[in-house]
Amino acid sequence: MTRKFFISASVAIFMLCSCSSQEQTQEHDPEYYIPTRTELVENNTYIELPGPSLKKNILIDSLTVEETIYDNKLRAALYRFYKHVKLEDGYFKCDLKSGEEINISQELFERFIKNHVDGFNKWIDEVHSQGRKARVEDITEEYLECLLDKRVYVRGEGVEV
């Protein structure tokens, strides 16, 4: 009986150590490491995100690893981009000429210009053509900080142009 107990105990200890060792390896394995949005900004990590977002629903809290990495990279890239976007004379202007200036791919930079500057400005023109005033907001530090964490940005007063 002592021998069976000793063998059983040894097997149990071995299995516990194996599981514990495997979990520790996964925690430190670069394959499982997900950089935060802040780390991506502070380290000035090059960001390239081809194609549309992998994120299916922005209201879902449980994203896959791939979706989380994509979302973190996207938010970090948007943060870098929006640091260079200002509201001037009622339209958004970007003082960047290329993605290289903020260490993002040129393709991503061009999508940001098209969707986040030209797209908003086109909407402003459409509102004006209807005889109405567009309500727009300048990019604030509070908005930029919300890009780096999980908070949702709630609009301020806005400016009619």
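Residues numbered from 1 in each chain as written. Predicted model: local features only at pLDDT ≥ 70, side-chain atom pairs only at ≥ 80, totals over all residues. Heavy atoms only, no water.

### Some thoughts on the pairing of strand E1 (residues 85–88)
Alternating residues of E1 divide into Val 85 and Leu 87, all buried, and Lys 86 and Glu 88, none buried. For E1 and strand E2 (residues 91–94), the ladder comprises four bridges, and the chain directions are antiparallel. By the bridge assignment for E2, Val 85 is matched with Cys 94. (Buried < 20%, exposed > 50% of the residue type's maximum accessible area, 1.4 Å probe, protein only. Helix = DSSP H or I, 4+ residues; strand = E, 2+ residues; numbered from the N terminus. Pairing = 2+ DSSP bridges.)

### Focus on the packing of helix H3 (residues 65–82) against helix H4 (residues 106–129)
Here H3 crosses H4 at 60°, and the two axes come no closer than 11 Å. As for the relative orientation of H3 and H4, their crossing is right-handed in sense. Every residue of H4 that contacts H3 at Tyr 70, Leu 74, Ala 77, Leu 78, Phe 81 and Tyr 82 is listed here: Leu 108, Phe 109, Arg 111, Phe 112, Ile 113, His 116, Val 117 and Phe 120. Residue composition of the contact of H3 with H4, by class: twelve nonpolar, one polar and one charged. (Axes fitted to C-alpha atoms, helices over the stretch in contact; angles between N-to-C directions. Left-handed = near helix turned anticlockwise from the far one by under 90°. Contact = heavy atoms within 4.5 Å. Nonpolar A, V, L, I, M, F, W, Y, C, P; charged D, E, K, R; others polar.)

### Focus on a negative patch on the surface
On the surface, Glu 88, Asp 89, Asp 95, Glu 100, Glu 101 and Asp 138 cluster together into a negatively charged patch. As for its position among the elements, Glu 100 is in the loop between E2 and H4. Residue classification places Glu 100 among the exposed positions, given a relative accessible area of 71%. (Patch = residues over 30% accessible without salt bridge, like charges linked within 9 Å, V, L, I, M, F, W, Y side chains within 5 Å. Areas by Shrake-Rupley, 256 points an atom, 1.4 Å probe, with all protein chains shown as cover. Salt bridge = Lys/Arg side-chain N within 4 Å of Asp/Glu carboxyl O. Lys, Arg positive; Asp, Glu negative; His and termini not counted. Charge placed at Lys NZ, Arg CZ, Asp CG, Glu CD.)

### Here we look at the confidence of the model for the chain
Averaged over every residue, the pLDDT of the chain is 78; residues scoring 70 or more account for 66%. Note that residues 8–13 has pLDDT below 50 and, in this model, zero contacts with residues that lie over four places away or in other chains. (pLDDT = per-residue confidence, 0-100.)

### With respect to helix H5 (residues 141–148)
Residues of H5 that are buried include every one of Leu 144, Cys 146, Leu 147 and Leu 148, and no others. Summarising the contacts, the buried residues of H5 are in contact with helix H2 (37–42) and H3.

### Some remarks on the pattern of salt bridges
Following the criterion strictly, the structure yields one salt bridge and no others. The salt bridge involving Asp 71 is made with Arg 37; its shortest N-O contact spans 2.4 Å. Of this pair, Asp 71 sits in helix H3 while Arg 37 sits in helix H2, placing them 34 residues apart in sequence.

### Observations concerning the packing of H3 against H5
The angle between the axes and the distance between the axes are what describe a pair of packed helices. Two elements in contact, H3 and H5, have axes whose closest approach is 8 Å; the angle formed by their N-to-C orientations is 160°. The angle between H3 and H5 falls in the class roughly antiparallel. Crossing of H3 over H5 shows left-handed handedness. For the pair H3 and H5, contact is made by Arg 75, Leu 78, Tyr 79 and Tyr 82 and by Tyr 143, Leu 144, Glu 145, Cys 146, Leu 147 and Leu 148, respectively. Taken together, the residues of the contact of H3 with H5 sort by class into eight nonpolar, no polar and two charged. (Parallel < 35°, antiparallel > 145°, perpendicular 65-115°, else oblique.)

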